Amino acid sequence: MTTSSAPRWRGLALLPDAGGVAVVETDGATSMATGRSEVEALITRLTPTTRWVTWSADELRPLILARLPLPRTWSVAEAHRLLHGGLRADPHRCWAAARGLDLGTLPSPPRTDLFALLDEGEDGGETEPSRTASPGGPVWPVRRDGYLRAEVDHSTLTTLEEAGAWAVAAVQVAHAQREALQQRGPRAIATCHSESAAAVLAVELERDGLPIDRPVLEELITRSAGARPITERDELARRADRDRSVLEAVPGIGRVDLRNPASVRQLLATAGVDVPSTRKWVLEQHADRHRVIPALLDWRRRERIATTYGWRWLDAHVGPDDRLRGAWSACDGAAGRMTAQAGLHSLPSELRPGVAAAPGHLIVRADLGQVEPRVLAAVSGDEAFAAATLAEDLYLPVAQRLGSDRSVAKVAVLAAMYGQRSGAAGEALRGLEREYPVAMRLLDHAQRRGEGGMPVWTVGGRLVRTNLPEQSERLGADQRQSLARARGRFARNAVIQGSAAELFKAWAVTVRESVRDLDAQVVLCLHDELLVHVRQEQAQRCADVVHEALAASSRRWVGHDRVRFVADVSVVRRWSEAKD
DNA sequence: TCAAATACGTA
DNA sequence: CGTACGTATTTGAG
């Protein structure tokens, strides 16, 4: 293998105020471009062979907003998250980790309070830091004790020299990260490439937003929350309107605070229904006992839309261009799935007809089928389980081997991956252990590590810690055991969920690249589902490209073709439209 | 005023 | 005693 050959890396740092870009060449020389055309020429001239190193994709935001393509990047932050787990990946932390410095004594970021004045000059660095970069390496951002200056980040850069030194430091970290990732496993560097691209995609997703059909969305909101309130009085009146349907189901009840679970429980007791809690699944079991219960469940549904996805949400997150925007991150702090704000990942299906292509456009909707068991087959190397993935419906061959119904096989496989032990799953699990011992061993091993508070790794090499937040000292024996079990289930699931996230992102960023020529954009990533917005003439071609991208990226990711991934791909006007 | 607990939407 | 996240609300501590 020749993976150790030096990558063609160029560091990139932006001067926020000057509107310029500093580029550090592979030999350390720094050049600079200012103005859009000059910057674009500088970036695109080198694009085909260059991987652009930055501390984070967020630093590239101005270039991304200017729609520069940036196809090959190395995000120091994403590499750090892969190597060390968790979410925190500011430059100072990444630098210290790459240098092997103690993270416990990481200089704290500057405070804006009065105490900051008292502490000035006590950072272990020079009191009058030289803001000059030396040719041999970054002097200015680095303190005498080896840490990066806590008060420096990309928004504070003011000169070409500073930007150059900032980029040089990023490239130095990237080289160390690459070495570490090479040790981590055969897929880790490729994973870092796609995670870095996913971080750029995350900025693009926020830039482009999700196209919505405003009249339809407004109608759907009106149906649940009531007409748009103008005054605060209106708002209270709408709220009372929603409450009324529940309250009138129990005559003479008077005023009840439906938002207070204790009051609701009392309300139900008055109606002659005694429930241990007012949780939805509990209420559903008593739905036929009194008409107030269905009314309450419907109230909850409407109230969710009114409060979380109502008029305020629409005004806050949907722009005048009818795009729904929220911030995205390329990975969460646990197994590494993408996250999104503004409710983009939990939009009720009821509102999805309101997500629609802009005029003259269509949406290519694609979702991976049965992705987690297919990922299990890939990461475990269980050849029998891999054989099942060749089927369009993986659960059919599994059921056949288990000698059970498809439904039993499905429950068993999902239970195996989620660590469920209760109910009918227990029996069927034994069948899985008999027929697919290799896959089951991998899950059990991860679970045992989690129970012991030890980390696990995704197939792409991401470290997933299992001992993070809870203070395990001073726990009773029962608490300790339930904590260990929770960690075990988490670890068992994390190797699958996290590896699936890596495959998904590899697919998503391949789609991102390959639809660029069609002038199409990925506008939503939802764990196993992609929406691509495209002009209608190109929609069919785009759907084909999405399929091809899955074939290519999954083949690369798995490393062979004995595990198959499948996607449902359809061309629709609205997100809600049925798959074909 | 802030954090935890509760609840629930999505995968 | 299935996992994850984001959002809103209530509650209780400071």
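Note that the structure is a prediction, hence the values are computed from the model and not measured.

Colleague: Which parts of the structure should I look at to understand the protein's contact with DNA strand B?
Modeller: The environment of DNA strand B is formed by 14 residues, the closest being R279, K280, R300, R304 and D528. Looking at DNA strand B alone, sugar and phosphate atoms form 77% of those within 4 Å of the protein. One of the backbone nitrogen or oxygen atoms of S349 is found 3.3 Å away from a phosphate oxygen of DNA strand B. In the model, a sugar or linking oxygen of DNA strand B is placed 2.7 Å from a nitrogen or oxygen of the D528 side chain. Residue composition of the surface near DNA strand B, grouped by class: 3 nonpolar, 4 polar and 7 charged.

Colleague: What exactly am I supposed to notice about the sheet that holds strand β15 (residues 566-572) here?
Modeller: Two orientations exist for strands paired in a sheet by backbone hydrogen bonds: parallel and antiparallel. With antiparallel pairing, 4 strands are arranged side by side in an open sheet as β13-β14-β10-β15. What marks the edges here is a single partner per strand, and that holds for β13 (521-525) and β15. Mean inter-strand twist for the sheet, computed between neighbouring axes without regard to direction, equals 20°. Note: strand β10 (residues 361-369) against strand β14 (residues 529-535), 7 bridges, orientation antiparallel. When the sheet's bridge partners are listed, D367 is paired in β14 with E529. Strands in contact with helix α21 (residues 539-558) are β10, β14 and β15; relative to β15, the strand with the most contacts, it is inclined by about 165°.

Colleague: What is the right way to read the pairing of β14 from this model?
Modeller: Side-chain direction in a regular strand flips from residue to residue, so the side chains alternate between the two faces of the sheet. Across the 7 residues that make up β14, a large majority, 6, are buried. Pairing geometry for β13 and β14, over 4 bridges, is antiparallel. In the sheet register, V522 faces β14, and the bridge partner there is V532. In sequence, β13 turns back onto β14 through a hairpin of 3 residues, with H527 there showing a positive phi of about 70°.

Colleague: How do you make sense of the packing of aromatic side chains when you look at a structure like this?
Modeller: Summed over the entire model, instances satisfying the criterion amount to 6 aromatic pairs. Aromatic side chains F504 and W507 sit 5.9 Å apart centroid to centroid with 80° between the ring planes, which places their arrangement in the edge-to-face category. With F504 and W507 both in helix α20 (residues 477-514), this residue pair falls 3 residues apart, about one helical turn. Relative accessible area serves as the criterion here: at 0%, W507 is assigned to the buried category. Between R187 and the ring centre of W557, over which it is positioned, the NZ or CZ distance is 5.6 Å. Above the face of the W575 ring, R352 is positioned so that its terminal group lies 3.9 Å from the ring centre.

Colleague: Would you take a moment to explain the protein's contact with DNA strand C for this structure?
Modeller: Taken together, 23 residues surround DNA strand C, and among them N260, A342, Y418, R485 and R489 come closest. Expressed as a percentage, the sugar and phosphate content of the atoms of DNA strand C within 4 Å of the protein is 87%. With respect to DNA strand C, the side chain of R337 contributes an N or O atom lying 3.5 Å from a base nitrogen. Breaking the surface near DNA strand C down by element, the ones donating at least two residues are α12 (292-308), β9 (339-340) and α20.

Colleague: Looking at this structure, how should I read the packing of α20 against α21?
Modeller: Between two packed helices, the angle of one axis relative to the other and the distance separating the axes together describe the packing. Across the interface, α20 lies against α21 with an axial gap of 9 Å and an inter-helix angle of 135°. One element, α20, and the other, α21, form an angle in the oblique class. Crossing hand, α20 versus α21: right-handed. For the pair α20 and α21, the contacting residues are S499, E502, L503, A506, W507, T510, V511 and S514 in the first and V545, V546, A549, L550, S553, S554, R556 and W557 in the second. Tallied by class, the residues present in the contact of α20 with α21 amount to 9 nonpolar, 5 polar and 2 charged.

Colleague: Which parts of the structure should I look at to understand the side chain of E529?
Modeller: Of note, E529 is situated in strand β14. A polar atom in the side chain of E529 sits 3.0 Å from the side chain of R365. A polar contact of 2.8 Å, which involves the side chain of E529, links it to the side chain of W575. The contact partners of E529, leaving out residues within four places of it in the chain, are R365, A366, D367, F504, L524 and W575.

Colleague: Sorry if this is basic, but what is going on with the nonpolar core here?
Modeller: Soluble globular proteins: nonpolar side chains tend toward being buried together. One finds L63, V398, L432, W507 and C525 to be the most contacted residues of the largest nonpolar core, which totals 120 residues. If one sorts the elements of this core by residue count, α20 sits on top with 11 residues. In this structure, W507 is in contact with A366, D367, L368, D528, L530, V546, A549, L550, S553 and A567, ignoring residues within four places of it in sequence. Grouped together as the second largest cluster of nonpolar side chains are 35 residues, A22, V24, A77 and V173 included.

Colleague: Teacher, can you tell me more about the state of the cysteines here?
Modeller: Disulfides are covalent bonds that link the sulfur atoms of two cysteine residues. Summed over the entire model, instances satisfying the criterion amount to 0 disulfides. Cysteine C192 shares no disulfide, and the gap to the nearest cysteine sulfur, in C94, comes to 11 Å. Among the residues examined, C192 registers a relative accessible area of 0% and is labelled buried. Considering cysteine sulfurs only, C542 is the nearest to C525, which forms no disulfide, with 13 Å between them.

Colleague: Whenever I open this one, the packing of helix α10 (residues 261-270) against α12 confuses me. Can you help?
Modeller: Two numbers describe how α10 lies on α12: the axes approach to 11 Å, and their chain directions differ by 155°. Classified by the angle their axes make, α10 and α12 are roughly antiparallel. Listed contacts from α12 to V264, L267 and L268 of α10 are V292, I293 and L296. Of the residues that constitute the contact of α10 with α12, the class distribution is 6 nonpolar, no polar and no charged.

Colleague: Is there a simple way to explain empty space enclosed by the protein in this structure?
Modeller: With a probe scaled to a water molecule rolled over the atoms, the places where space remains empty come into view. According to the stated counting rule, one finds 1 cavity of 30 Å³ or more in the structure shown. Roughly 30 Å³ of internal volume is contained in the largest cavity. A416, R421, L429, E433, M440, D444 and R492 together form the lining of the largest cavity. Elements supplying a minimum of two residues to the lining of the largest cavity: α18 (425-435) and α19 (437-451). Its residues assigned to classes, the lining of the largest cavity comprises 3 nonpolar, no polar and 4 charged.

The rules behind the values
- Residues numbered from 1 in each chain as written.
- Chains lettered and ligands numbered in written order.
- Predicted model: local features only at pLDDT ≥ 70, side-chain atom pairs only at ≥ 80, totals over all residues.
- Heavy atoms only, no water.
- Near = heavy atom within 4 Å.
- Polar contact = N/O pair within 3.5 Å; in protein donor to acceptor, adjacent residues only side chain to side chain.
- Nonpolar A, V, L, I, M, F, W, Y, C, P; charged D, E, K, R; others polar.
- Pairing = 2+ DSSP bridges.
- Helix = DSSP H or I, 4+ residues; strand = E, 2+ residues; numbered from the N terminus.
- Axes fitted to C-alpha atoms, helices over the stretch in contact; angles between N-to-C directions.
- Contact = heavy atoms within 4.5 Å.
- Buried < 20%, exposed > 50% of the residue type's maximum accessible area, 1.4 Å probe, protein only.
- Phe/Tyr/Trp six-rings, centres within 6.5 Å; stacked < 30°, edge-to-face > 60°.
- Lys NZ or Arg CZ within 6 Å of the ring centre and 35° of its normal.
- Parallel < 35°, antiparallel > 145°, perpendicular 65-115°, else oblique.
- Left-handed = near helix turned anticlockwise from the far one by under 90°.
- Core = buried A, V, L, I, M, F, W, Y, C linked by side-chain atoms within 4.5 Å.
- Disulfide = S-S within 2.5 Å.
- 1 Å grid on protein atoms, 1.4 Å probe; cavity = no way out; pocket = protein on both sides within 12 Å on 5 of 7 lines; lining within 4 Å.
- Points joined across faces, edges and corners; volume = space filled by probe spheres on them.

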